[in-house]
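Read off the chains here:
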2 protein chains.
Amino acid sequence: MVHVAILGFGTVGGGVAEVLTQNAAVLAQKVGQEINLKYILDTREFPGNPFESKLTHNFEDILNDPEVQVVAECIGGATIALEFVKKLLAAGKHVATSNKEMVATHGYELLALAKAHNVNFFFEASVGGGIPLLRPLACDLAGNEITEAAGILNGTTNYILTEMLDKGAPFDKALQEAQAMGYAERNPAADVEGLDACRKVCILSALAFGFHVYPDQCATEGISSITEEDVAAAASAHMKVKLLGRTLKTADGKVCAFVAPHFVPISSQLYHVDGVFNGVILRGNAVGEAMFYGPGAGKLPTASAVVGDMVDAVWHLRERRRIDWADARPEAMVDFKDLPLPYVVRTTASPAQVESALGKATALDANGYLLAAPTTRRAIDESGLPLLAVRPVFQ
Amino acid sequence: MVHVAILGFGTVGGGVAEVLTQNAAVLAQKVGQEINLKYILDTREFPGNPFESKLTHNFEDILNDPEVQVVAECIGGATIALEFVKKLLAAGKHVATSNKEMVATHGYELLALAKAHNVNFFFEASVGGGIPLLRPLACDLAGNEITEAAGILNGTTNYILTEMLDKGAPFDKALQEAQAMGYAERNPAADVEGLDACRKVCILSALAFGFHVYPDQCATEGISSITEEDVAAAASAHMKVKLLGRTLKTADGKVCAFVAPHFVPISSQLYHVDGVFNGVILRGNAVGEAMFYGPGAGKLPTASAVVGDMVDAVWHLRERRRIDWADARPEAMVDFKDLPLPYVVRTTASPAQVESALGKATALDANGYLLAAPTTRRAIDESGLPLLAVRPVFQ
């Protein structure tokens, strides 16, 4: 029997408890022994809850119990959760987490700590929710030189953009609808301004390219500036506006990580990722391109990923799975503004002015121009054109 | 340094050699030591080939070299390849293979042998080519009770069906086009009659449900009976005809594995999988649904999966990764003909005759009827209606 614990009895922690219990037979068959949920840590009381007998308010109960070998961290944030995870790893306990903020800001440090204590630190749920993504990237595609990871990493913003397209709604109205449906928080800034996607790009980038990228190294633009005209201009060119998080290797071997609303053509699988779903493309020099699609959030899908990590930890109790990356390498990164990309520029300038400033372009509508050659954002910003919007095109 | 060998220097074996060489630096960083390709076994000579110095005609060179720890089997078929793999596993060497025929017919036996000798037997490339699929199913989704695996598992037939739709071409012409493009063999039976997809369903089923399903336990229908009228009827209902391989668990806990042309609605991600690409949906009681898309065949994508397996074997040289399943359980399976599914029936009968025989139905065109309630294939076959085609609808 393997004893495990959960930190935090909120949505994700509750889901992990539910999956461990409901699928106990399947899990026991997979790992070859029973998985016993021994503790759930939370500051609150849950009178009458079926898991009430597992509850403790005292983190030391878990930390100091030698029987507990694997812990799921479901508190969130990078303060108390970080302190607890560090103590657990140092005590030789394996940790699985869904906490993207903690991994994006302290992943390097935590992986080094896990390595030093020969334990596993897994975080499959931190990117793409329930979608199997990080293990395929780190393991199935290990034979590849990865060239890009790109995707729709935030369900809230994708829901809003889908609403804007399907109903011709303005941003504010689509946001309110997302809030009414429970897909957006009352304070939606972390989603809408792209911070959530940024954290996920940092994690993808570290796994893909082997060194930590901190959130402030990832240029981030959200969707609050997207207008109905943007959405319509994209549709007229058989494209959709999607908030993409991307990290890619340039021809000279540098890495660029960024989050920005893109025009995505119908020929891309990401075009078909609508509503609250997530979709991620991984590109490598052997596989070409693979795409992963599924629920990027939600109680049980997120718990699915956390429990998958707990199973992998049980499989590797004695010999940890090799996952680590180096600390940040600012000299190996290129500024998003200097990365040549295909762009759509929306401007009140005339076609002749656009071509004079930025070269050949195809008019999409009265104000939209698809530039013929890849161009940098810096060149566009410095073109002197009166700009309404500047959107990279995903290729 | 870890020494490895390749059996068979055809397309896949050549791709594995190329990936091991071209991406040697990335691989060394991932596994923490150099991977040295020591031997390539083939009966042929390759004068002037850059890998000529690695070639041997003698399997014993590999079998009896204690330095060789991991072997990629890229011969194909289930005769000589099977004999070699058994000897390698028994000699304590780890094996990675792309050989779906061997795994579908001898997977149980080979996994038991691998377990007995504490070595890994991996076969990620056998289903979905380069798409990470089997490891996500076995590991990332380990916390789920899997309810279904379903997908477009054969690129040749998907290319033919895409051509039929895009160009309104009859089957014969689309097949010739696929042969001219090199996507179909001169003898296309294994693809066209569904045998290739059947083998992949057997492997998915064993991983999803824990016991071996042999090819003769998987009802298999190919695409040679698909007509332009079928394709047009589907299109009129916003659906596409796709050859799907599926294995699913019924409400009473039985398993049904089958390959059949389906009508796939536009609401499914599989609708958007066109040309030679593969796409697979995995469903579980925690994750809901996840979809995996990518190149299902090809030299480098297949090599990507084989090399990923070799890396995982190097990570687990001492403590094997836990993958196994039980032998066949015919009593736990249900006949495809008795599985209730949504169906489209194409018949020359009148609407009144269709409703009288099979209950309420929606007319798609002059001969096509979408039945309102799930029905069994047996009930349709025994309805006495003059049938042109019977196609399940994917939901």
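In this text, all values refer to a predicted model and were calculated from it rather than measured experimentally.

(A) Quick peek at the overall build of chain A. Of regular secondary structure, chain A possesses 14 helices and 16 strands. Expressed as lengths along the three principal axes of its C-alpha atoms, the size of chain A is roughly 75 × 45 × 35 Å. Within chain A, the fraction of its 395 residues that count as buried is 60%. Summarising the internal contacts of chain A: among those between residues at least 6 apart in sequence, 71% fall at separations of at least 24. As presented, chain A carries roughly 14200 Å² of accessible surface, and 52% of it is formed by carbon and sulfur atoms.

(B) Quick peek at the state of the cysteines. Scanning the entire structure with this criterion turns up 0 disulfides over all chains. The structure places no disulfide on C139 of chain B, whose sulfur is separated from the nearest cysteine sulfur, that of C139 of chain A, by 8.0 Å. The closest cysteine sulfur to the non-disulfide-bonded C198 of chain B is located on C218 of chain B, 4.0 Å from its own sulfur.

(C) Quick look at the pairing of strand β9 (residues 239-249) of chain A. Residues and elements named next belong to chain A. β9 sits mainly inside the fold: 10 of its 11 residues count as buried. Sheet analysis places strand β7 (residues 146-152) next to β9, joined by 4 bridges and oriented antiparallel. Note that in β9 the partner of G151 across the bridge is G245. Pairing between β9 and strand β10 (residues 255-265): 11 bridges, direction antiparallel. Looking across to β10, one finds that K249 is bridged to V255. Linking two consecutive strands that pair antiparallel, namely β9 and β10, is a turn of 5 residues; a positive phi of about 85° is found at G253 within it.

(D) Structural view of the pattern of salt bridges. For the coordinates displayed, the defined rule picks out 63 salt bridges over all chains. Here R318 of chain B makes a salt bridge to E319 of chain A, at a shortest N to O gap of 2.6 Å. Here R318 of chain B is found in the loop between α12 (299-315) and β13 (343-347), whereas its partner E319 of chain A is found in the loop between α12 (299-315) and β13 (343-347) on a different chain. When its relative accessible area of 65% is taken as the criterion, R318 of chain B is described as exposed. Linking R283 of chain B and E148 of chain B is a salt bridge whose minimum nitrogen-to-oxygen distance equals 3.2 Å.

(E) Structural detail: unusual backbone geometry. Residue and element names in this part refer to chain A. For N118, which is not a glycine, the phi torsion comes out positive at approximately 55°. Within the secondary structure layout, N118 lies in the loop between α5 (100-116) and β6 (121-122). Assessed through its relative accessible area of 38%, N118 is described here as partly exposed.

(F) Representation of the environment of E221 of chain A within the structure. Residues and elements named next belong to chain A. Summarising the element assignment, E221 is placed in the loop between β8 (219-220) and α11 (228-236). For the pair E221 and M291, spaced 70 residues apart in sequence, the C-alpha separation works out to 23 Å. Beyond its immediate stretch of four places on either side in the chain, E221 contacts E193, L243, V259, A260, P261, R377 and R391. Polar side-chain contacts of E221 include one of 3.1 Å to the side chain of R391.

(G) A look at the UniProt feature "binding site: NADP(+)" (unreviewed entry) in chain A. Residue and element names in this part refer to chain A. Listed under "binding site: NADP(+)" (unreviewed entry) in the UniProt record, and renumbered for this structure, are L7, G8, F9, G10, T11, V12, G13 and G14. Relative to the assigned elements, G13 resides in helix α1 (residues 11-22). Note on G13: relative accessible area 0%, which makes it buried. Ignoring anything within four residues of it in the chain, the contact list for G13 reads I6, G8 and C74. With respect to the element layout, G14 can be found in helix α1. Judged by its relative accessible area of 11%, G14 falls in the buried class. With residues up to four places along the chain from it excluded, the contact list for G14 reads F9 and K299.

(H) Seen up close, the UniProt feature "binding site: L-homoserine" (unreviewed entry) in chain A. Residue and element names in this part refer to chain A. Mapped onto this structure's residue numbering, the UniProt feature "binding site: L-homoserine" (unreviewed entry) falls at E185. With respect to the secondary-structure elements, E185 resides in the loop between α8 (171-180) and α9 (189-192). Judged by its relative accessible area of 53%, E185 is exposed. Beyond its immediate stretch of four places on either side in the chain, E185 contacts Q179 and D191.

(I) Representation of the pairing of strand β5 (residues 94-97) of chain B in the model. Residue and element names in this part refer to chain B. With burial as the criterion, each face of β5 is covered, one bearing H94 and A96 and the other bearing V95 and T97. Examined bridge by bridge, strand β4 (residues 68-73) and β5 share 4 bridges and lie parallel to one another. When the bridges of β5 are listed, A72 appears paired with A96. Since β4 and β5 lie parallel, the crossover through helix α4 (residues 80-90) that links them has a hand, and here it is right-handed. Judged from the 2 bridges that link them, β5 and strand β6 (residues 121-122) form a sheet pairing that is parallel.

(J) Broad picture of the sheet that holds strand β3 (residues 55-56) of chain A. All names here are of chain A. Spatial ordering of the open sheet is given by β3-β2-β1-β4-β5-β6, a layout of 6 strands whose pairing is parallel. Single-partner strands in this sheet number two, and they are β3 and β6. With respect to the sheet, α12 is in contact with β1 (2-7), β4 (68-73), β5 (94-97) and β6, its orientation differing from that of β4 by roughly 160°.

(K) A look at the interface of chain A and chain B. The interface is formed by 48 residues belonging to chain A together with 48 residues belonging to chain B. Taken over both partners, the interface formed by chain A and chain B buries close to 4300 Å², and the fraction arising from carbon and sulfur atoms is 51%. Applying the counting rule to chain A against chain B returns 4 salt bridges. Taking the shortest distance from any N to any O, the salt bridge between R135 of chain B and D140 of chain A comes out at 2.9 Å. Linking chain A with chain B are 22 residue pairs in polar contact (both at pLDDT 80 or more), by the criterion used here. Within the residue set of the side of chain A that touches chain B, elements represented by two or more residues are α1, α2 (24-31), α6 (134-140), β12 (288-295) and α12 of chain A. The leading source of residues in the side of chain A that touches chain B is α12 of chain A, at 8 residues. Taken together, the residues of the side of chain A that touches chain B sort by class into 23 nonpolar, 14 polar and 11 charged. Relative to strand β12 (residues 288-295) of chain B, β12 of chain A runs antiparallel, the two being bridged by 3 bridges. Bridge pairing links M291 of chain A to Y293 of chain B in β12 of chain B.

Cut-off values and rules
Residues numbered from 1 in each chain as written. Chains lettered and ligands numbered in written order. Predicted model: local features only at pLDDT ≥ 70, side-chain atom pairs only at ≥ 80, totals over all residues. Heavy atoms only, no water. Helix = DSSP H or I, 4+ residues; strand = E, 2+ residues; numbered from the N terminus. Buried < 20%, exposed > 50% of the residue type's maximum accessible area, 1.4 Å probe, protein only. Contact = heavy atoms within 4.5 Å. Areas by Shrake-Rupley, 256 points an atom, 1.4 Å probe, with all protein chains shown as cover. Disulfide = S-S within 2.5 Å. Pairing = 2+ DSSP bridges. Salt bridge = Lys/Arg side-chain N within 4 Å of Asp/Glu carboxyl O. Polar contact = N/O pair within 3.5 Å; in protein donor to acceptor, adjacent residues only side chain to side chain. UniProt positions renumbered as here; feature names shortened; annotations may be inferred. Right-handed = clockwise from strand over helix to strand, strands pointing away. Axes fitted to C-alpha atoms, helices over the stretch in contact; angles between N-to-C directions. Buried area = accessible area lost by both parts, 1.4 Å probe. Nonpolar A, V, L, I, M, F, W, Y, C, P; charged D, E, K, R; others polar.

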